[in-house]
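One letter stands for each residue in the lines below.
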4 protein chains.
Amino acid sequence: MEIRKDILQEQNKKQIQDLEDDFSRVAEKLTKKGVNIQGLLQRLQDFQVAIPSWALGAGGTRFGRFGFYGEPTSLEEKIDDIGILHTLTKTAGAVSLHIPWDIPNDYAAIKEKAKDHGIIFDAVNSNTFQDQSNAQLSYRHGSLSSMDKEVRQMAVQHNNDVVDIGEKLGSKSLTVWLADGTNFPGQRDFQSSLLNTEDSLKKIYGHMPDDWKLFIEYKPYEPNFYSTVIQDWGTSFMLANACGDRAYTLVDLGHHLPNTNIEQIVATLMLKGKLGGFHFNDSKYGDDDLTVGSIKPYSLFLIFNELVNGMERNKQNPELAWMIDASHNIKDPLEDLLQSLEAIQESYAKAMLIDQESLSEAQSKGDVVQCQEILQDAFRTDVRPLLAKARVDLGGAVNPLKTYRAMEVRNKLIAERGKHTVATGL
Amino acid sequence: MEIRKDILQEQNKKQIQDLEDDFSRVAEKLTKKGVNIQGLLQRLQDFQVAIPSWALGAGGTRFGRFGFYGEPTSLEEKIDDIGILHTLTKTAGAVSLHIPWDIPNDYAAIKEKAKDHGIIFDAVNSNTFQDQSNAQLSYRHGSLSSMDKEVRQMAVQHNNDVVDIGEKLGSKSLTVWLADGTNFPGQRDFQSSLLNTEDSLKKIYGHMPDDWKLFIEYKPYEPNFYSTVIQDWGTSFMLANACGDRAYTLVDLGHHLPNTNIEQIVATLMLKGKLGGFHFNDSKYGDDDLTVGSIKPYSLFLIFNELVNGMERNKQNPELAWMIDASHNIKDPLEDLLQSLEAIQESYAKAMLIDQESLSEAQSKGDVVQCQEILQDAFRTDVRPLLAKARVDLGGAVNPLKTYRAMEVRNKLIAERGKHTVATGL
Amino acid sequence: MEIRKDILQEQNKKQIQDLEDDFSRVAEKLTKKGVNIQGLLQRLQDFQVAIPSWALGAGGTRFGRFGFYGEPTSLEEKIDDIGILHTLTKTAGAVSLHIPWDIPNDYAAIKEKAKDHGIIFDAVNSNTFQDQSNAQLSYRHGSLSSMDKEVRQMAVQHNNDVVDIGEKLGSKSLTVWLADGTNFPGQRDFQSSLLNTEDSLKKIYGHMPDDWKLFIEYKPYEPNFYSTVIQDWGTSFMLANACGDRAYTLVDLGHHLPNTNIEQIVATLMLKGKLGGFHFNDSKYGDDDLTVGSIKPYSLFLIFNELVNGMERNKQNPELAWMIDASHNIKDPLEDLLQSLEAIQESYAKAMLIDQESLSEAQSKGDVVQCQEILQDAFRTDVRPLLAKARVDLGGAVNPLKTYRAMEVRNKLIAERGKHTVATGL
Amino acid sequence: MEIRKDILQEQNKKQIQDLEDDFSRVAEKLTKKGVNIQGLLQRLQDFQVAIPSWALGAGGTRFGRFGFYGEPTSLEEKIDDIGILHTLTKTAGAVSLHIPWDIPNDYAAIKEKAKDHGIIFDAVNSNTFQDQSNAQLSYRHGSLSSMDKEVRQMAVQHNNDVVDIGEKLGSKSLTVWLADGTNFPGQRDFQSSLLNTEDSLKKIYGHMPDDWKLFIEYKPYEPNFYSTVIQDWGTSFMLANACGDRAYTLVDLGHHLPNTNIEQIVATLMLKGKLGGFHFNDSKYGDDDLTVGSIKPYSLFLIFNELVNGMERNKQNPELAWMIDASHNIKDPLEDLLQSLEAIQESYAKAMLIDQESLSEAQSKGDVVQCQEILQDAFRTDVRPLLAKARVDLGGAVNPLKTYRAMEVRNKLIAERGKHTVATGL
């Protein structure tokens, strides 16, 4: 199943005049305000978000899983699914592999397929939160942090293997999400766990090629419910500093305690040149992994404000690795991802509309009311015509979701793959 | 595998003199303070907590599950496991069945087995959060609250079937935990969902025998991450009132938003005669389902203070159904339950030590400092000799966990059942 | 200080052409989608929000207060301030009095002044969280819930006095925010406190004229930090039911535990015909009392979705009393209120844009993706031209905040009143 | 008012025999388990907690304050109050001054008075969260972080002045709690605020004598409700590292987001040699500043476990500065502090009872059940006889609170000072 470009263009035709009208209207208004519309479109077009290989099927909870139809069952099919997203949106030009769930059988063929879709291989992800069926030792009591040296070695080796696999595909970074932690007070010694983790991460860092980056995620809880070894950005930052210049903190929006000011963390990390990557999703309670922008779109906008600022001002910070890390428990995974991609672009566009010069001036005068006006003026602007324009100019769909439905993509996938296929490695 | 009483007594012998010394010491001190020790022991002995049939195996999270060895794979084996707990502790004299995971094959045999262990059948639990493999319709979009009449009928019928099964075993109550809810704003209409739920619950209520009680659980989130139909005690209470006199709210300790004052909810429900049951566990972040008393033992004590008070003062409230609802992700399930049972008895005993008369007096004088002193005096008392004495007098173990380990119960279960057995119905 | 209408119109003149252009554009697009623009404008114009008499000065925290300049020091001046807001926005046509801070000296004069400004007297508010300097007894250990009968009588009498004052001004409702609670476990008996509260509220209810309504607020914590007598909507709802048909629950957005689904509470209360009033503000951590819409505008929109729905469908529910209850710690209070009024109208307008028919259809089909699309389509629409149009047609300002600044209102107030005036009764 | 030692001893006489009985019983049991009782008593006696000079009067909230009677109104009287606490408990041998609320008039006299009471001068505290009446500039828009260079200079100068005052009294450390932050998104630039703060702290650090330490507090919110410049331990740690070897993080128990694992933060900071001080209190919702141990005593115990461990293992970490930072809104401040001091000693004693060797062994074997048993065995032990014994051997009261009441201290203070005195500087 591939999106045929002629049919896509046919769909676009019906909507293109409305889009052009809307776009010229908003472009005119924004230009008057001093916005460089072409520059903004260019930046929207340059912004590519990786889709993780595990996100093309239905997710679930500990209480079960309601499967979806036509899920991809091989890495090839997963990359095809991302190809569909990218063809429609022109913003999903990367895949982030999960090992060992998605180890390529034929590297050359996989690279070829990805290239055909215009997809590059972004950060690779290791898995030490789950015992594989053939495992000699268990991660039950931790992996990189384990008090058992052999378990640590096994976990380090696995990460090294992941790097090697990524190297063959053209990836340039490794993301370590360390689920290690404890369920009960006293279960493990905090200091030893931290020291072990630092030691293991340094070994992995040492194994990486010189042009690779290491991304260290943090998370306060789940799947452990008393403590997590890398529980917050402070711990991740400390470990990244210990590893070296090419080790960075990775922020996942869902990995925070209630009410955390995430945008401030982003600003701090970029100032220090230590923000490496970003995982998008949304949540109301915990790491709910919902569609990006579905719960707290204003928070996302505020975070993008810091990202846009940081990309401009903090040259000490590298280019970021962007990825969607959501779980599709109830929606068609591809539709869910289309909504997430739209929400990301929307927030990015709105953040670029913030009049930073006026904002700085208002801040320096202590004009709190005006600061809020400036932010809200950007947020209240309807930027959908800008997103569509940026997309269409690259050959994407005016309205990706509508086109996806009009083309009956899911039905075709079911026809190809069958109904009760399962994508998950869990 | 059964606990041989002669070996148990042999284990006790080594510890009995120390226990008698400790007991007489604490009994003397408490008697001086006006505590009726015999009455307290009697109440401890009368306090029986149900073990759910799904809690004898290892639990897991959405990120996987580390299995435990020698898990029971049949209802018979599960009841045997509870028998082990009851023999050791004398406080686990009930089982709470989950349907359809644990439907008896031979009712007479199962009843006989339970009777042999001194175990009664407490509340039965239905399951509409998961699609069974042979299901005609899916609960993906809700069950008792579904907008689809046929799905609602199927869910009501399932609950009625559960009642019928329970009736055959001697159960007298049905617990409904309704996972229905939504993951996204706008996904479903709140008011229709609530009305549908009320209607469904009334049908189930109508089907129950006249001496049965209906327990309605509430929970703010998980497995749905935007809304839950019965999200709080207020909604459960409203539905219970709508159903009738024998419908009650059930409180699960883990089903609350951060910082909720649970003891106040307990007090309110008992005042209104509407607290039907109680599910014990502990948690730090959400519905973590950890060992009772492992995280917030003082909160448990404060809740027991209200329970003890209510059992004394609120004759309008029925006797409560007690159950442990924890998930054993990392510990031997039986050891975990032994620790939970001990923590429950400890909190109950300490709550009974509160000098209610002095407390009332201090409250009426606004002597806040003294109120705290009275509560803390009870909490700081080491009541372990009381618990052991109550247990031993009924033939239980001085120290159930030590005895369990000394008798190498788990190894024997593995020998009997094999290593890689799986108990869960998920 | 009054807003001179000729100057206001002069200000408008500069912006009116742009507004008309923008309005006709959005009106055209929305009309195509089936929106009744005139009806929508009418409803926006009918929507009036009360300003509380205590909100015209700077607020503070327990760590102090940074005063603002030119604060009103008399009830007359406070009503003048509201007059300024109403002239500019045409949506602040009511005042909500706090007693005893703002007891009128001359009722006829005050009524006359309010009438001149087009302001009515909405719900009156009592205060039993603070001891007045001439108080015979103290509320230190509670008021309506106190274990001291005389204190309860004093608190009831105060509320009755507030009703009598309101009656003279044309108010038709009393709002009771009961700060009663405890700081420590055991400090007071939950059940007695609740029973006392119910008894006190019934007395107040009995004193009210037959056409009055009683609004009962709830709040989980602050100023008490262990428990609050009316801690949640369930308790308020129970008490309202006990009082009678004209007793209702009042929702204040800031009075909830972290992550509470407030829109669901709104839906439930309206279904039951028991939502009486609504206090607007915004918050990130607790009862932060920030500018409406400044932190979580999408949540506000979701709540308005339920309010709009309920006003349409739930004829059993009375018309609601709307009020802004924010604290202006850092902004000019009048500018802060202008921003809040704008945010309220914005959310209301966007909620009215939701295509309820399509939403119902998508819900009944379980089309979760489409449900989200429909909500987000409304939210993403830039409705500012609609708000301005509704306002201008009634004689208000195109841009109230800009006009306020252009007219240098604050400077004039300082000139009239002096710099270091203090409005607060705390 | 001073505690006469002969009367104290008279009070003790009535209880001493019971204490000796209880003590010898518990000492015997613990000795059998391998506990070094004399060493434990010695460590309890060495443990001294500072009382802040602002904590001797009633606290309040933004909704007002219920004053207490006989509050001290001068620094001399405040030190007398601490003298009462220290005489009774032998654990309150330090005072922590707040400047400018408690600037000494006569340094020699104040030092003499403190010496007479056996009280030393611990860390001094600066105040830049409040404008003093004679202030030239305002901290409304920040102090050490301000975008206004002159305001920053004023704030730095104030801190330097505080150091100079402390130097004259024998203090050896400065605690900076920086309330700086924002109420609204966009109000200030995060990166500039952080850079300014670092710069200001370095200046203060540079001003301190060579044997002084700088303690940097963190807090997520309040009195600002959108962001705080030093929002978490990670930020404080980063700033402390930037300042130098004698700059440390200070942990206040109430300054965390919901559900934070504080004990893990303590362990991390001690491992890095960067935990400088500790502020005790307790809370259920936010920075509630309640009596230590009144809400979550098990959490306090877990934190003390890390502290005891760290004091033993982490020689890289300096001796800690301990202080109680609670607000007495409803209790007699001295009684409240007596309860806090008891709770601190209790947790410390219980933490010292943990069998660290067995715990390490259980941890290394992955015996999670046994780890919990070891911790709970210590926590469940009634250590009150140990605390009393440690106290009495130094001349303190068997039961400080009972003695305080028996001696009618508060009445005597009222007689001396009058009823409606006010201690607070707010």
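Here the structure is shown first, and the text comes after it.
Residues numbered from 1 in each chain as written. Chains lettered and ligands numbered in written order. Predicted model: local features only at pLDDT ≥ 70, side-chain atom pairs only at ≥ 80, totals over all residues. Heavy atoms only, no water.

### Regarding the overall build of chain A
Along its length, chain A carries 15 helices and 11 strands. Projected onto its principal axes, the C-alpha positions of chain A cover 65 × 60 × 40 Å. Within chain A, buried positions represent 69% of all 426 residues. Residue pairs in contact within chain A that sit at least 24 positions apart in sequence constitute 81% of those at least 6 positions apart. For chain A, the exposed area adds up to about 14300 Å²; of that, 47% sits on carbon and sulfur atoms. (Helix = DSSP H or I, 4+ residues; strand = E, 2+ residues; numbered from the N terminus. Buried < 20%, exposed > 50% of the residue type's maximum accessible area, 1.4 Å probe, protein only. Contact = heavy atoms within 4.5 Å. Areas by Shrake-Rupley, 256 points an atom, 1.4 Å probe, with all protein chains shown as cover.)

### Some details on the relation of the copies chain A and chain C
Superposing chain A onto chain C takes a rotation of 180° plus a shift of 0.0 Å along the axis, which leaves an RMSD of 0.0 Å. Here the copies are linked by what is in effect a two-fold axis. The position closest to the rotation axis in chain A is occupied by the C-alpha of A:Asp382, lying 2.8 Å away. When the interface residues of chain A are mapped onto chain C, 100% of them are again interface residues, pointing to one common binding face. (Least-squares fit on C-alpha atoms with pLDDT ≥ 70 in both.)

### Points about the pairing of strand 9 (residues 247-252) of chain B
All names here are of chain B. The buried fraction of strand 9 is high, at six of six residues. Both faces of strand 9 are covered, namely the face carrying Ala247, Thr249 and Val251 and the face carrying Tyr248, Leu250 and Asp252. Taken together, the four bridges between strand 9 and strand 10 (residues 275-280) define a ladder with parallel strand orientation. When the bridges of strand 10 are listed, Leu250 appears paired with Gly277. Handedness of the crossover joining strand 9 and strand 10 through helix 8 (residues 262-271) is recorded here as right-handed. (Pairing = 2+ DSSP bridges. Right-handed = clockwise from strand over helix to strand, strands pointing away.)

### Describing unusual backbone geometry
The omega torsion of the bond from A:Ile99 to A:Pro100 falls at 20°, within 30 degrees of zero and hence cis. A positive phi is found at B:Lys90, a non-glycine position, where the angle reads about 60°. Inspection of the secondary structure puts B:Lys90 in the loop between helix 3 (75-89) and strand 2 (94-96). Residue class for B:Lys90 comes out buried when judged on its relative accessible area of 17%. Of note, the phi angle at C:Glu408 is positive, near 50°, even though the residue is not glycine. With respect to the helices and strands, the residue C:Glu408 is situated in the loop between helix 14 (400-406) and helix 15 (409-417).

### What to know about the interface of chain A and chain C
Counting residues at the interface gives 38 residues for chain A, matched by 38 residues for chain C. Together chain A and chain C conceal approximately 3500 Å² of surface at their shared face, both sides included; 44% is due to carbon and sulfur atoms. On the chain A side of the interface with chain C, the three residues burying the most area are A:Asn259, A:Val369 and A:Arg380, jointly 20% of the side's total. The interface formed by chain A and chain C includes 10 salt bridges. Salt-bridge contacts for C:Arg25 lead to A:Asp22; the nearest nitrogen and oxygen are separated by 2.7 Å. There are 23 residue pairs in polar contact (both at pLDDT 80 or more) connecting chain A and chain C. Broken down by secondary-structure element, the contributors of at least two residues to the side of chain A that touches chain C are helix 1 (5-32), helix 9 (297-313), helix 10 (333-353), helix 12 (368-380) and helix 14 (400-406) of chain A. (Buried area = accessible area lost by both parts, 1.4 Å probe. Salt bridge = Lys/Arg side-chain N within 4 Å of Asp/Glu carboxyl O. Polar contact = N/O pair within 3.5 Å; in protein donor to acceptor, adjacent residues only side chain to side chain.)

### Digging into the pairing of strand 9 (residues 247-252) of chain D
With four bridges joining them, strand 7 (residues 213-217) of chain D and strand 9 of chain D adopt parallel strand pairing. Along strand 9 of chain D, the bridge assignment pairs D:Leu214 with D:Ala247.

### A closer look at the pattern of salt bridges
Scanning all chains against the criterion turns up 123 salt bridges over all chains. For the salt bridge of A:Lys219 with A:Glu222, the shortest nitrogen-to-oxygen distance reads 2.9 Å. Both residues of the pair, A:Lys219 and A:Glu222, count as buried. Linked by salt bridges that have partners in common, A:Arg62, B:Lys219, B:Glu222, B:Asp287 and B:Asp289 make up one network.

### Brief notes about the packing of helix 10 (residues 333-353) of chain C against helix 13 (residues 384-392) of chain C
Residues and elements named next belong to chain C. Contact geometry for helix 10 and helix 13: axes closest at 9 Å, N-to-C directions at 115°. Taken together, the axes of helix 10 and helix 13 lie roughly perpendicular to each other. The chirality of how helix 10 crosses helix 13 is right-handed. Along its contact with helix 10, which presents Glu342, Gln345, Glu346 and Ala349, the element helix 13 presents Arg384, Leu387 and Arg391. (Axes fitted to C-alpha atoms, helices over the stretch in contact; angles between N-to-C directions. Parallel < 35°, antiparallel > 145°, perpendicular 65-115°, else oblique. Left-handed = near helix turned anticlockwise from the far one by under 90°.)

### Brief notes about the packing of helix 11 (residues 356-365) of chain D against helix 12 (residues 368-380) of chain D
Residues and elements named next belong to chain D. Packing of helix 11 against helix 12 brings their axes to within 8 Å, and their N-to-C directions diverge by 160°. Comparing the axis directions of helix 11 and helix 12 gives the class roughly antiparallel. The interaxial crossing formed by helix 11 with helix 12 has left-handed handedness. Within the contact between the two elements, helix 11 uses Ser358, Leu359, Ala362 and Gln363 and helix 12 uses Gln370, Cys371, Ile374 and Leu375. Across the contact of helix 11 with helix 12, the residue classes break down as five nonpolar, three polar and no charged. (Nonpolar A, V, L, I, M, F, W, Y, C, P; charged D, E, K, R; others polar.)

### Looking at the interface of chain A and chain D
Think of interface size as the accessible area that goes away when the parts come together; that is how it is often given. Each side of the interface is counted separately: chain A has 51 residues, and chain D has 51 residues. Buried surface at the junction of chain A and chain D, both sides included, amounts to about 4300 Å², of which 59% is carbon and sulfur. Sorting the residues of chain A by area buried against chain D places A:Phe190, A:Gln191 and A:Gln264 first, and these three jointly supply 16% of that buried surface. Linking A:Glu198 and D:Lys272 is a salt bridge whose minimum nitrogen-to-oxygen distance equals 3.8 Å. Between the two partners, chain A and chain D, sit 24 residue pairs in polar contact (both at pLDDT 80 or more). Of all the secondary structure elements, the ones that give two or more residues to the side of chain A that touches chain D are helix 6 (190-207), strand 8 (227-228), helix 7 (233-243), helix 8 (262-271), helix 9, helix 11 (356-364) and helix 12 of chain A. Ranked by residue count, the leading element in the side of chain A that touches chain D is helix 8 of chain A, at seven residues.

### Remarks on the relation of the copies chain A and chain D
Copies of the same chain, two in number, are related to each other by a rotation about an axis and a translation along it. Least-squares fitting of chain A to chain D yields an RMSD of 0.0 Å, with the superposition described by an axial translation of 0.0 Å and a rotation of 180°. In this assembly the copies share their binding face: 100% of the residues contributing to the interface of chain A also contribute to that of chain D.

### Focus: helix 4 (residues 107-117) of chain C
All names here are of chain C. Inspection of helix 4 places Tyr107, Ile110, Ala114 and His117 among the buried residues, and these make up the whole buried set. The arc enclosing the buried residues of helix 4, seen along the axis, measures out at 95°, which places them on a common side. Those residues of helix 4 that are exposed and angled more than 90 degrees off the buried face are Ala108, Lys115 and Asp116. Looking at where helix 4 begins, the residue whose side-chain oxygen comes 3.2 Å from the main-chain nitrogen of Ala108 is Asp106. Just downstream of helix 4, Gly118 is the residue with a positive phi angle, here 75°. (Arc of directions from axis to C-beta.)

### Re the nonpolar core
Considering soluble globular proteins, one finds that nonpolar side chains tend to be buried as a cluster. With 516 residues, the main nonpolar core has A:Phe280, B:Phe280, C:Phe280 and D:Phe280 as its most contacted residues. Look past the residues within four positions of C:Phe280 in its chain and what remains in contact with it is C:Val49, C:Leu253, C:Val292, C:Leu300, C:Phe304, C:Trp322, C:Met323, C:Ile324, C:Asp325, C:Ala326 and C:Ile344. (Core = buried A, V, L, I, M, F, W, Y, C linked by side-chain atoms within 4.5 Å.)

### Considerations on the packing of aromatic side chains
All names here are of chain D. The full count for this structure, using the stated rule, is 86 aromatic pairs over all chains. In this structure, Lys274 is placed above the aromatic ring of Tyr248, and the distance from its NZ or CZ to the ring centre is 5.3 Å. Lying over the aromatic face of Phe379, Lys350 brings its terminal NZ or CZ to 4.3 Å of the ring centre. (Phe/Tyr/Trp six-rings, centres within 6.5 Å; stacked < 30°, edge-to-face > 60°. Lys NZ or Arg CZ within 6 Å of the ring centre and 35° of its normal.)

### Comments concerning the environment of D:Met147
Secondary-structure assignment places D:Met147 in the loop between strand 4 (124-125) and helix 5 (149-169). A relative accessible area of 32% places D:Met147 in the partly exposed class. Here the alpha-carbon distance between D:Met147 and D:Ser192, two residues 45 residues apart in the chain, equals 7.7 Å. When neighbours within four sequence positions are excluded, D:Met147 is seen to be in contact with A:Gln363, A:Ser364, D:Arg152, D:Arg188 and D:Asn196.

### Some points on helix 13 (residues 384-392) of chain B
Where burial is concerned, most of helix 13 of chain B is hidden: eight out of the nine residues are buried. Considering only its buried residues, helix 13 of chain B is in contact with helix 1 (5-32), helix 2 (37-46), helix 3, helix 10 (333-353) and helix 14 (400-406) of chain B.

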